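A closer look at the structure
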Amino acid sequence: QVQLVEYGGGLVQAGGSLRLSCAASGRTFSSSTMGWFRQAPGEEREFVAAISWNGLTTYYSNSMKGRFTIHRDNANKKVYLQMNSLKPEDTAVYYCACAARHGYIGSAISEYESWGQGTQVTVSS
């Protein structure tokens, strides 16, 4: 399995930007789809974005498409989430996750087997 640690969260004003990073360890990172999810207080965890093992395919939640960008660096075992034009409703704990099945790229939480501890993003109005 892959071990994941997220960082880069913080407090930002509406309209601002943040880049989240996720550092991975483990042999299977470079062959695995990676995803970002988020969970706001009192809400269910929701899908944000995913990227295929080679970085050639990305998939976004409709509400983040155009504002968020996912990319990865397999050589350094990292995946990133660039977040622009942030809104107060983007406030949440953001998690990176590793898909269990090679070739899967999608939003189903059940398909992801490894999770980080999360990083808090707070967007003030």
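First things first, this report covers the structure right here in the doc. What you see is a predicted model, and the numbers here were worked out from it, not measured in a lab.

Bringing the overall build of the chain into the picture now. Helix and strand content of the chain: 0 helices and 11 strands. For the chain, the succession of helices and strands along the chain, N to C, is β-β-β-β-β-β-β-β-β-β-β. Along the first, second and third principal axes, the C-alpha set of the chain runs to 40 × 25 × 25 Å. Considering the chain as a whole, with its 125 residues, one finds that 43% of them fall into the buried category. Contacts spanning at least 24 positions in sequence make up 57% of the contacts within the chain whose residues lie at least 6 apart. Summed over its atoms, the accessible surface of the chain is roughly 6100 Å², and 47% of this surface lies on carbon and sulfur atoms. The centroid of the 11 positive side-chain charges in the chain is displaced by 8 Å from the centroid of its 9 negative side-chain charges.

To continue, consider the sheet that holds strand 1 (residues 3-7). The antiparallel open sheet is built from 4 strands, whose spatial order is 1-3-8-7. With partners counted over all chains shown, the strands left at the sheet margins are strand 1 and strand 7 (68-73), one partner each. Adjacent strand axes in the sheet meet at a mean angle of 15° when their direction is disregarded.

Following the sequence through the fold, S52 ends up in the loop between strand 5 (46-51) and strand 6 (58-60). The buried category is assigned to S52, whose relative accessible area is 7%. Aside from chain neighbours lying at most four places away, what touches S52 is S32, T33, T57, R72 and I105.

What counts, and at which threshold
- Residues numbered from 1 in each chain as written.
- Predicted model: local features only at pLDDT ≥ 70, side-chain atom pairs only at ≥ 80, totals over all residues.
- Heavy atoms only, no water.
- Helix = DSSP H or I, 4+ residues; strand = E, 2+ residues; numbered from the N terminus.
- Buried < 20%, exposed > 50% of the residue type's maximum accessible area, 1.4 Å probe, protein only.
- Contact = heavy atoms within 4.5 Å.
- Areas by Shrake-Rupley, 256 points an atom, 1.4 Å probe, with all protein chains shown as cover.
- Lys, Arg positive; Asp, Glu negative; His and termini not counted.
- Charge placed at Lys NZ, Arg CZ, Asp CG, Glu CD.
- Pairing = 2+ DSSP bridges.
- Axes fitted to C-alpha atoms, helices over the stretch in contact; angles between N-to-C directions.

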